[in-house]
Number of protein chains: 2
Amino acid sequence: MRPREFDHDDVLRIAFDQFWRKGVRGTSLSDIARDAGVQRGSLYNAFGSKEALFLAAYERYASEYLGSLQEVLGSGSLRARLTAYFDAAIKNFRSGSPPRGCPTTRGLMELGAAEGEGLDENARQAFADLVARITGLLKNALSDGVKRGEFSGDPAIAALHIVTVTRGLAVLERAFGDEAELRKIAKHTVDLVLGKGR
Amino acid sequence: MRPREFDHDDVLRIAFDQFWRKGVRGTSLSDIARDAGVQRGSLYNAFGSKEALFLAAYERYASEYLGSLQEVLGSGSLRARLTAYFDAAIKNFRSGSPPRGCPTTRGLMELGAAEGEGLDENARQAFADLVARITGLLKNALSDGVKRGEFSGDPAIAALHIVTVTRGLAVLERAFGDEAELRKIAKHTVDLVLGKGR
DNA sequence: AAAAGTATTTGACGCGGTGTCAAGAATGTG
DNA sequence: CACATTCTTGACACCGCGTCAAATACTTTT
């Protein structure tokens, strides 16, 4: 059989960068094809559809991002872990120029915009899955904190609260683009969760 | 001059409903024209562009929504106000069937997807403006709370925190669609802000 | 080594969405 | 009654998505 003339992973990286910068709907396969030096039809042949290509590219990103969060949430005092977590998240939102925002949050809010297929549902699950995994990591860190006496409270609801604030930060980033304010809110949240002043 | 054959406000309402349900990009002017019993060209004549139509429709929604929040945040104990605020927000996200999510949050995350014009910037400002006004209402309520001894802390940062959580709830709504969980997070946030347990 | 088989590439097509334009239609005004 | 003004209507160019058949390049079989 005829060999492929492009690298599968290169295309995924290039595609995700475009999706990240311009949104899924805002990115055309022509854009990706041009950037990757590939014919548009070849992308359909290799991936099947725009959504399938996005999903493959997103999975790549998700596992990488989750890995980096796992690292920062895995060692140090609870306060240090949570601070590093928010730092990593904000850094992620503010990466690129102009900043690209949070791919997961942006993807989630783009759902239901596509009315046709059930592909939407696959994407929703992929996004929800990453959010759930991040919540799990936070819960683990908080549970460790309970054991060490750094935190008293329900790790499950606290993790949910933190992940909610994180999504909110991703939204505020789009609205105001003020990184200092994002950090202020993040610090306040850590203080609140850890019970500063008690 | 020839009189217009449709009602300006009717079209705005119909258009916003579509934008809300399917997103700005996911809604075509043909859809709106069909629904409103108007020719597509007439919409361009009356509003100029899809973005301008959206902005006009959004302003309508924004002032209405802001008014309802102003009401619930204006009377009662601080706890009652914040609880009612979250109730109103969640009810808003979950309105329609299927639920349509938060228009502001969805709109914000759709930005930058349109790469062409500076219209994006107008929309961003409209969204950011509503978020800022809501933050102002929250700050007022919290300041009242300080006066009455119901709250001790910085109203500004607390308001920012609450508005961030609210945006986060809008995102989680898309991810999980679990209203009970949203309410749980909202209640936890109120408890945290008001210093339950202290 | 030649032929058959297989997967990829390429270019053309249909469909639908955006935005523009000129021509037609309906009113107010002199 | 004619005129100007505004709205409406339908046609057009352009672009994005997804599909298809034909051409191409490599592997396997004989």
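Residues numbered from 1 in each chain as written. Chains lettered and ligands numbered in written order. Predicted model: local features only at pLDDT ≥ 70, side-chain atom pairs only at ≥ 80, totals over all residues. Heavy atoms only, no water.

What follows deals with the UniProt feature "domain: HTH tetR-type" (unreviewed entry) in chain A. Annotation from UniProt places "domain: HTH tetR-type" (unreviewed entry) at residues 5-65 of chain A. Structurally, residues 5-65 of chain A comprises 77% helix and 0% strand, and the distance from its first C-alpha atom to its last is 29 Å. (UniProt positions renumbered as here; feature names shortened; annotations may be inferred. Helix = DSSP H or I, 4+ residues; strand = E, 2+ residues; numbered from the N terminus.)

On to the UniProt feature "DNA-binding region" (unreviewed entry) in chain A. According to UniProt, the positions carrying the feature "DNA-binding region" (unreviewed entry) are residues 28-47 of chain A. Along residues 28-47 of chain A, the helical share is 80% and the strand share 0%, with 14 Å between the first and last C-alpha atoms.

Another point: the environment of Ala80 of chain B. Residues and elements named next belong to chain B. For Ala80, the position within the fold is in helix α5 (residues 78-93). When its relative accessible area of 37% is taken as the criterion, Ala80 is described as partly exposed. Counting along the chain gives 110 residues from Ala80 to Val190, while the straight-line C-alpha distance between them is 9.7 Å. (Buried < 20%, exposed > 50% of the residue type's maximum accessible area, 1.4 Å probe, protein only.)

Close to DNA strand C lie 22 residues, the nearest being Glu5 of chain A together with Arg2, Leu29, Arg40 and Tyr44 of chain B. Taking all atoms of DNA strand C within 4 Å of the protein, the share assigned to sugar and phosphate is 67%. In this structure, a base oxygen belonging to DNA strand C sits 3.0 Å away from a side-chain N or O atom of Arg2 of chain A. Contact distances for DNA strand C include 3.4 Å between a phosphate oxygen and a backbone N or O atom of Thr27 of chain B. Elements that contribute at least two residues to the surface near DNA strand C include exactly α3 (40-47) of chain A together with α2 (29-36), α3 (40-47) and α4 (50-72) of chain B. (Near = heavy atom within 4 Å. Polar contact = N/O pair within 3.5 Å; in protein donor to acceptor, adjacent residues only side chain to side chain.)

The operation relating chain B to chain A is a screw motion whose rotation component is 180°, with 0.0 Å of axial translation and a residual RMSD of 0.0 Å. The two molecules are tied by a two-fold rotation axis, judged by turn and shift. When each C-alpha of chain B is compared by its distance to the rotation axis, Gly168 of chain B comes out closest, at 1.9 Å. (Least-squares fit on C-alpha atoms with pLDDT ≥ 70 in both.)

Residues and elements named next belong to chain A. Look at helix α1 (residues 8-22) against helix α4 (residues 50-72): their axes get within 9 Å of each other, and the N-to-C directions meet at 95°. What the angle tells us is that α1 and α4 run roughly perpendicular. The segment α1 lies against α4, with Asp9, Leu12, Arg13, Ala15, Phe16, Phe19 and Trp20 engaging Lys50, Leu53, Phe54, Ala56, Ala57, Tyr58, Arg60 and Tyr61. (Axes fitted to C-alpha atoms, helices over the stretch in contact; angles between N-to-C directions. Parallel < 35°, antiparallel > 145°, perpendicular 65-115°, else oblique. Contact = heavy atoms within 4.5 Å.)

Moving on, we come to the protein's contact with DNA strand D. Looking at DNA strand D, there are 22 residues lining it, with Arg2, Leu29 and Arg40 of chain A together with Arg2 and Glu5 of chain B nearest. If you look at DNA strand D and keep only atoms within 4 Å of the protein, 72% of those are sugar or phosphate atoms. Side-chain polar atom of Arg2 of chain A to a base oxygen of DNA strand D: 2.6 Å apart, as the coordinates give it. Contact between DNA strand D and Thr27 of chain A: a phosphate oxygen at 3.3 Å from a main-chain N or O atom of the residue. Breaking the surface near DNA strand D down by element, the ones donating at least two residues are α2 (29-36), α3 and α4 of chain A together with α3 of chain B. For the surface near DNA strand D, the element with the highest residue contribution is α3 of chain B, accounting for 4 residues. Across the surface near DNA strand D, the residue classes break down as 7 nonpolar, 7 polar and 8 charged. (Nonpolar A, V, L, I, M, F, W, Y, C, P; charged D, E, K, R; others polar.)

Attention now goes to the confidence of the model for chain A. Mean pLDDT over chain A works out to 93, with 95% of the residues at or above the 70 mark. Considering only residues more than four positions removed or in separate chains, one finds that residues 114-119 of chain A, a stretch of pLDDT under 50, has 7 contacts. (pLDDT = per-residue confidence, 0-100.)

Further remarks concern the pattern of salt bridges. Taken as a whole and judged by the stated rule, the model has 36 salt bridges over all chains. Salt-bridge contacts for Arg94 of chain A lead to Glu179 of chain A; the nearest nitrogen and oxygen are separated by 3.1 Å. Highlighted residues: Arg94 of chain A in the loop between α5 (78-93) and α6 (103-110) and Glu179 of chain A in helix α9 (residues 179-194), separated in sequence by 85 residues. Accessibility expressed as a relative area gives 27% for Glu179 of chain A, which makes it partly exposed. Residues Arg60 of chain B and Asp9 of chain B are paired through a salt bridge, measuring 3.1 Å at the closest nitrogen-oxygen approach. Taken as a pair, Arg60 of chain B in helix α4 and Asp9 of chain B in helix α1 (residues 8-22) lie far apart in primary sequence, 51 residues in all. On the accessibility criterion, Arg60 of chain B (29% relative accessible area) is partly exposed. (Salt bridge = Lys/Arg side-chain N within 4 Å of Asp/Glu carboxyl O.)

A separate point is the packing of α1 of chain B against α2 of chain B. The relative placement of two packed helices is expressed as an angle between their axes plus a distance between the axes. Residue and element names in this part refer to chain B. Between α1 and α2, whose axes approach to 10 Å, the crossing angle comes to 135°. Judged by the inter-axis angle, α1 sits oblique to α2. Remark: the crossing between α1 and α2 carries right-handed chirality. In this structure, α1 uses Val11, Ile14, Ala15, Gln18, Phe19 and Lys22 to contact α2, whose residues at the interface are Asp31, Ile32, Asp35 and Ala36. For the contact of α1 with α2, the class distribution of residues is 6 nonpolar, 1 polar and 3 charged. (Left-handed = near helix turned anticlockwise from the far one by under 90°.)

Turning our attention to α3 of chain A. Residue and element names in this part refer to chain A. Looking at α3, one finds that the buried residues are Leu43, Ala46 and Phe47. Angularly, the buried residues of α3 cover 75° about the axis, an arc narrow enough to put them on a single face. Against α1, α2 and α4 lie the buried residues of α3. The positive-phi residue at the C-terminal boundary of α3 is Gly48, with phi of around 100°. (Arc of directions from axis to C-beta.)

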